[in-house]
Amino acid sequence: MKVFKSLQVLIAGMVVMGTLGARPAEAVERASDFLDGLRKQGYFDMAIDYLEQMRTSPLAPPEFKKTIDYEAGITLVAESRTTRSATTREKCLDGAREHFKTFLTAQANHPLVPDANIQLANVHFEWGKISVAQANAPGKTAQEKKDLLDTARKLLEDAHKAFVAAEDLMHKKSNKFPKEIPDSDKKALEERGAARADWMRSQLLLAAAVYELSTTYEPGSTQHKEQVTKAAKTYGDVYKLFGSSRQGGLRARLMEGRCFKELGDTAKALEILTNLTTLLPDEPEVFRILKNQTLVQTLETLLLVKPKPKYAEAITLGTKWIKDARGAEESDIEGLQIHFLTGRAAYEFAKTLKDDDPKSQENRRAAKKDFAYVGRFDGKYQQEAKALELELAGVKDEERKEPKNFVDARDRGKQAWEKMRVADLQDKAEAAEGKTENHERLVKQKAEGLADAKKYYRMAMGFDTSDVLADDLNEVRYHLCYLYYLGGDLYEAAVTGEFVAKNYPETLGAAACGIIAMASYQTLYAGAPKNDRQFETDQVYRLAKYVADRWPARPQAADALIVLVNIAIQRNEYAQAMQYLAKIPEDSRRRAEAELKTGAACWKAYVDAYHLPEQQRPNQATLLEMRKTSRQLLEQGIGRSREEVKSTADVSNALAGCILYMVQIYSGSDEPEKAVEWMDDEKIGLLKLIADGHEATKAQAFRIQAYKVALRTYVAVGDIEKAKTSLDQLQELVSAGGDAEAAKTLTNILISLAQDLEQSLAELGTEGKQEEIKKLSAGFEMFLSEITKRSDDFQTMLWVATTFTGLGSGLSTGQTRQSAEAARYFSLAAEAYQEMIGRCEKDPNFAPAGALPALQMRMAGSHRQAGHFKEAMAVLRTALEEKERAIATQIAAAEVYQAWGKEKPDYYLFAIQGSPTYRQVWGWGKIAKVIGTRPEYRHIYHQARSNLAECRLQHALTLTGDQRTEKLEQAQRDVTAIQQLYPKLGKEESIPEDGKATGLEAFRRYESVLTKASELLKKK
Amino acid sequence: MKKQCLAALAALCLISSGMGRAADQIRVRSEATAIRGQIMEMAFDKVGIDRTGTGVVEQIAVNKIASISFDDEPTELGSARKNVADGRYEDALTSLGEIPAVNTLRVVVQQDVQFYTALCRAKIALAGSETISVTDAGKELYTFLMANKGNYHYLEANEVLGDMLVATGKYDQAETYYRVLQSAPWDDYKMRASVLLGRALLAQPEKATEAGRQFQMVLDSTIQGKEADAQRLAARLGKAAFLALTDQADQAVALVQQVIADASPENTSLHAQAYNTLGNAHRKAGRTKEALLAFLHVHVLFHGEAEAHAEALFNLAELWKAVNKQERAVAARQILKSRYGSSPWAQRSGG
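Residues numbered from 1 in each chain as written. Chains lettered and ligands numbered in written order. Predicted model: local features only at pLDDT ≥ 70, side-chain atom pairs only at ≥ 80, totals over all residues. Heavy atoms only, no water.

1. What about the overall build of chain B?
Test applied: Note on conventions: DSSP H or I runs of at least 4 residues are helices, E runs of at least 2 residues are strands, and numbering of each starts at the N terminus. Partly exposed describes any residue whose relative accessible area lies between the buried limit of under 20% and the exposed limit of over 50%, with all areas from a 1.4 Å probe on protein chains only and scaled to the type maximum. Two residues qualify as a contact provided that any one of their heavy atoms is within 4.5 Å of a heavy atom in the partner residue. For accessible areas, the Shrake-Rupley method is used with a probe of radius 1.4 Å. Any residue's cover is judged against the shown protein chains and nothing else.
Of regular secondary structure, chain B possesses 16 helices and 5 strands. Per-residue burial over chain B gives 52% buried out of 351 residues. Relative to all contacts within chain B whose residues are 6 or more apart in sequence, the contacts with residues 24 or more apart total 50%. On chain B, roughly 15,800 Å² of surface is accessible, and the fraction owed to carbon and sulfur atoms is 51%.

What follows is the structure, encoded as structure tokens:
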């Protein structure tokens, strides 16, 4: 509205009036005149260059030099008002702000300081208005709109504060003059007048800020109404103070009327506006304009009167004005508004009459004429007027003549776009309310709108556009880009979008075009064959990088950076992913999402890396770093997301997944209590999500993971009751799945849990956190005991025994004699196996066929690890009595003797030669002999021979003197003989490896024995 | 010399036919009252006036004369003369056109009418008229000059004709007329002529050295007085242009800045030339932005100085193009063609 464009005039007026004489005099360079001239010509860039030149020019008047930053700020504000590019506008206001601040700092006592403060406030004011306009632009999501309005509000509040300060200053300045000044003192009278004018203007600025703040609230909301009410009062106060004697007072009265109109108090609004109309003369022009603006508000208000709008009165007023309109004013902004509103009044009035009523026809004709007039001029009402004109003419869309030039085609495209947009908004709004009766029609309308918009925009680009402004062309390209994307014409969308983004980066919509182009390639990527996606990936990457680099401060940059994060994660470039993440501003609404994505990807990468074979696994430090990074990112992302969550319905599936990861991370750490916190959180706790039936938790796989980690966590913190509950839930979930092998499934789950536990214990062991290990193990032991009591299922019992073995391994020091805790777990494992063997003997159906020998082997192994060698041998001997040629059992027996040898050295010889008492126990020597040199058993051969050599060495170490020497030499010969027989051993000849790398182990054992023996023999 | 004597004699005869008149007036520069009497003689360099009617003729040097009015001249001529002094050439031309029966007037009055008519048309053409071309106005002035070598306007006519030839890019021809001015017997004319000649020479790159010499002659002059000072200032500017042309851009810039600092703010013509010179110097040195700003000074502040404005627009069109501001380049070219279509700058820009 011109009232606010006149804000510039207000401020400019204050600059001139309030600072008369403050602008520096010029002796040499007509700097001010030149600067004004450049601005008037629109050469703002040259004006800025000139000011920079003046900083060091010998021609610049010294006083002018002091105001360079002030003038630069004024120039940039002026430029911001002329540009259509949002980016340029923001850049200008940003630059203006910096210059004003610099001036205020460097020239704190300059007479222009009050003006500079007002100018700075005005920058915030303008910026706030821009943000409001951006928020209300089509295509914004609810969150984007909210963010922009919040930004606008902050800026306008800053402006408001500054205007309050300015008003106070001007008021004081005005009050310095005495009330009575003699008529003869013309100078004082003039100065007082100027001071009062400044004061009035500052009040108007203040009122304008109050009013603009209302636009940051949803129309009709309580805050909006409160703000408009405040604005009405502020304007009313200005009018009371200055009345109708000053133009500013009258302007304030107009705004007061407008405020009441917006509040719906049409009676009050009309009272004010009618009164104002009588006060306003038709001359000079400034009053005439104000009068026309008053008429516009009056007409709008008359059409809002409830229950019955005052059409007749509006028509009368509007028609009279049009008849008496002077020259060019009929087609200026207010003139077109008056025409349009008069037309609308006539049309709406005609609709209240019967079709055959002559008055109806008369009013329709009048309305059509008004709309036809407005439709000729570019402006706010042009499109609507054209559409209404056609409506009145009864012309359907399909009957309209095709456009013959760019402008007409573009306008038709705009209308079709609007049709599509309105249908889309209405459909979404009704869907949110559960209404579906119009859905089909609206979908059809949207499709028609899309097709027509595309058709006409393409048509527009096909006409001669040599004299069309670049901004207008790009507006069409932007719409086309979006339409292509919506319609699935992805290559077209990509090409069009990239063209605008690269060639016209300053244009409004350029960043959006870049994003649409990127999204087009992303969709193409998803549709491409999995082994043929490189082209699409490259394009997505290229465009995302361009958008992120070109517009780092725009919201689109965050969208692009998230894509780059994903690409980097896919490429396992985690450091790069972190760099991209760091570029997303902390306060961006996409930051949380990016952190969650990156954190989740890092965690998954960590888990995968941890399960790699040893040779491929990253080193421990790297693994710990990956784990730490995952935790940090997920915590940050979840923390941010949590703020916005009001109910579990606000929790996205991605967030739910990340919460599960967090629980997993903490569950396996030294802070399992934090995992409990994440499970029990009142807003986003894992168990709360499940209890509330959150979408992401409905999948069985998710719940299984959730209960599994809950079970583990409660065990870790020693909360047995909750652990039992989790186990029950897990069992119930698995059984309810209808899985025929539910029991096996559950056992597998429990086994994988045991493996996780083992992993955690190993990590804690690596970190040397023995206390945490003990705590975790103790909790788990209690759990296992409970399991054992509850179940007589073979699989479950086997899992328990295995888990005890795992616990023992976790506490294992790798030394000969285990720690007491480790030994105890191995003993418990042995007991569990014993129990199972007993059940097997009682119930042949207890275990699967052929399970018994395996159980015996395991039991023996557990005894051995617990240091119960006698018990271990007893089991193995019994097994060998039944099946002497069972190599695995023979090996196990040899291992027992070998381990026993550490306590009783003679048992090394049993390990080598077999038991002198129990002939069924062979020892390593006979194992190797029986196995022979068959290639398929070579690894067993070498296992036996290498252990034999080891036993000889160890035995030798318990001897002294010549006996020792003899045994060392024998050990040396053992290995040398093998090396001669197998010269490629460890080099080219491959040694089959099992999961424990037995073959390689053997090779290393040979080397170790030889080296040690040789060293000892040398020392002799 | 002989030609000049014969011309003087002819002028004397023409004047003599007006014997018996009492109140011709010669306004002398720097004197409050006019010399009244009867003009008895006229030559290109002096006018003789009998103040007392006794036959004693006082010679007034033309360089001292501000204007002459004749007793029997029509009032329109007097108005025209005033308008010319105020720079209102259109109004002067209108007045001159209203003089009835010019050929019945005293010869010397007829000469004045012819001269002022030609002068006005020349000035209007130089300002970029759409109706009067520089060529046509120049021809008219040339006709006067050839027919009135004994008239006191002779030297002035040479000067204006020189200016017109410069305006149409005929610098070598302009030299001829400026040299006539330079042959005047007074130092201030010589100085002015040297400056004008220097400028014409400077426009011909092969004569740059000679141009430099002309400017230096003026700078070396020890003549005192306001007019001499003004010419020295103009010569400094000329020298600056010479320095720019001969790849001494930094010295040129420094010198121009001094001229701007020393020039009176009312001397818009000198300021306009100064900024053009500054622009050319920066342009020569490859400093495009600085050049743009200099030429923009002329376009924004001194656009009333037609010739300078045309030159500035020509340069602006090229410089805007160089910095990819096509729309501005097009706009500058359009103004140049529409306002100064017949100027050499418009011709050079392809118009």
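From this point, things continue past the structure.
2. Some details on the environment of A:Ile130
Residues and elements named next belong to chain A. Topologically, isoleucine 130 is positioned in helix H7 (residues 113–135). The class of isoleucine 130 is buried, set by a relative accessible area of 8%. Separated by 40 residues in the primary sequence, isoleucine 130 and glutamate 90 place their C-alpha atoms 8.4 Å from one another. Isoleucine 130 has contacts with Arg89 and Leu93, leaving out every residue within four places of it along the chain.

3. Details of the packing of helix H11 (residues 247–262) of chain A against helix H12 (residues 266–279) of chain A
To characterise two packed helices, one gives the angle between the axes of the helices and the distance between these axes. All names here are of chain A. The condition that has to hold: Lines fitted to C-alpha atoms define the axes here, with helix axes fitted over just the stretch in contact, and angles between the N-to-C directions of these axes take values from 0 to 180 degrees. Should an angle lie under 35 degrees it is considered roughly parallel, over 145 roughly antiparallel, and from 65 to 115 roughly perpendicular; all remaining angles are considered oblique. For a crossing to be left-handed, the near helix must be turned anticlockwise from the far one by less than a right angle; the clockwise case is right-handed. Amino acids outside the nonpolar list (Ala, Val, Leu, Ile, Met, Phe, Trp, Tyr, Cys, Pro) and the charged list (Asp, Glu, Lys, Arg) are all regarded as polar, and Gly is one of them.
Contact geometry of H11 with H12 gives a least axis separation of 8 Å together with a crossing angle of 155 degrees. Comparing the axis directions of H11 and H12 gives the class roughly antiparallel. Between H11 and H12 lies a crossing of left-handed hand. Packed against H11, whose contacting residues are Leu250, Arg253, Leu254, Glu256, Gly257, Phe260 and Lys261, the element H12 presents Lys268, Ala269, Ile272, Leu273, Asn275, Leu276 and Leu279 at the interface. Split by residue class, the contact of H11 with H12 holds 8 nonpolar, 2 polar and 4 charged.

4. With respect to the side chain of A:Asn947
Residues and elements named next belong to chain A. Note on placement: asparagine 947 falls in helix H42 (residues 938–957). Judged by its relative accessible area of 7%, asparagine 947 falls in the buried class. With residues up to four places along the chain from it excluded, the contact list for asparagine 947 reads Gln898, Trp924, His942 and Arg1005.

5. A look at the environment of B:Ala23
Residues and elements named next belong to chain B. With respect to the helices and strands, alanine 23 occurs in the loop between helix H1 (2–16) and strand S1 (24–28). Taking relative accessible area as the criterion, alanine 23 reaches 17% and is therefore assigned buried. A C-alpha to C-alpha distance of 9.0 Å links alanine 23 and arginine 51, two positions 28 residues apart in sequence. Sequence-distant contacts of alanine 23, defined by excluding residues within four places in its chain, comprise Arg36, Gly37 and Asp71.

6. Concerning the nonpolar core
Our working definition: The definition of a nonpolar core used throughout is a set of buried Ala, Val, Leu, Ile, Met, Phe, Trp, Tyr and Cys residues joined through side-chain atoms within 4.5 Å. Where each domain begins and ends follows an automated or database-derived domain assignment.
Counting 151 residues, the largest nonpolar core has A:Leu38, A:Phe100, B:Ile26 and B:Trp320 as the members making the most contacts within it. Two domains share this core, each providing at least three of its residues, namely domain 1 (14–71) and domain 2 (274–351) of chain B. Counting 127 residues, the second-largest nonpolar core is a separate cluster that includes A:Tyr666, A:Ala710, A:Leu746 and A:Leu753.

7. Description of the sheet that holds strand S4 (residues 57–61) of chain B
Residue and element names in this part refer to chain B. Heads up, the condition is: Being paired, for any two strands, means DSSP has found at least two bridges between them.
An order of S4-S3-S2-S1-S5 is seen for the 5 strands of this open sheet, with the pairing classed as antiparallel. Of all the strands in the sheet, the pair left with one neighbour each is S4 and strand S5 (65–69). Each neighbouring strand pair of the sheet contributes to a mean axis angle of 45 degrees, computed without reference to strand direction. As paired strands, strand S2 (residues 35–42) and strand S3 (residues 46–50) are joined by 4 bridges and run antiparallel to one another. Bridge assignment links isoleucine 39 to a residue of S3, and that residue is isoleucine 49.

8. Some remarks on a positive patch on the surface
The following threshold applies: Only residues whose relative accessible area exceeds 30% and that take part in no salt bridge are eligible for patches, with like-charged residues grouped when within 9 Å of each other and nonpolar side chains (Val, Leu, Ile, Met, Phe, Trp, Tyr) grouped when within 5 Å. Whenever Lys or Arg places a side-chain nitrogen within 4 Å of a carboxyl oxygen from Asp or Glu, that contact is recorded as a salt bridge. His is not counted here, nor are the chain ends, while Lys and Arg score as positive and Asp and Glu score as negative. Charged groups are reduced to one reference atom each: NZ for lysine, CZ for arginine, CG for aspartic acid, CD for glutamic acid.
Among the surface-exposed residues, A:Arg885, A:Arg919, A:Lys926, A:Lys929 and A:Arg934 lie close enough to one another that they form a single positively charged patch. Counting through the fold element by element, A:Arg885 comes out in the loop between helix H38 (869–882) and helix H39 (887–900).

9. What about the side chain of A:Thr537?
Residues and elements named next belong to chain A. The line we're drawing: As used in this structure description, the phrase polar contact means that two N or O atoms lie within 3.5 Å; if the pair is within protein, one of them must be able to donate a hydrogen and the other to accept it, and residues adjacent in sequence are counted only when both atoms belong to side chains.
Relative to the helices and strands, threonine 537 is located in helix H23 (residues 534–550). For threonine 537, a relative accessible area of 15% puts it in the buried group. From its side chain, threonine 537 meets the backbone oxygen of arginine 533 in a polar contact 2.8 Å long. Sequence-distant contacts of threonine 537, that is, excluding residues within four places in its chain, are made with Tyr525 and Arg571.

10. Quick word on the interface of chain A and chain B
Spelled out, the test is: Buried surface area refers to the total accessible area, computed with a probe of radius 1.4 Å, that the two partners give up upon joining, counted for both partners together.
Facing 18 residues of chain A, the contacting portion of chain B comprises 18 residues. Across the chain A to chain B interface the summed buried area is about 1,600 Å²; carbon plus sulfur atoms make up 65%. For the chain A face of the interface with chain B, the top three residues by lost area are A:Phe34, A:Tyr43 and A:Met46, together amounting to 33%. Linking chain A with chain B are 3 salt bridges, by the criterion used here. Seen at the junction of chain A and chain B, the total is 2 residue pairs in polar contact (both at pLDDT 80 or more). Those elements giving two or more residues to the side of chain A that touches chain B turn out to be helix H2 (31–40) and helix H3 (44–56) of chain A. Broken down by element, the side of chain A that touches chain B gets its largest block of residues, 5 residues, from H3(A). Classifying every residue of the side of chain A that touches chain B gives 9 nonpolar, 4 polar and 5 charged.

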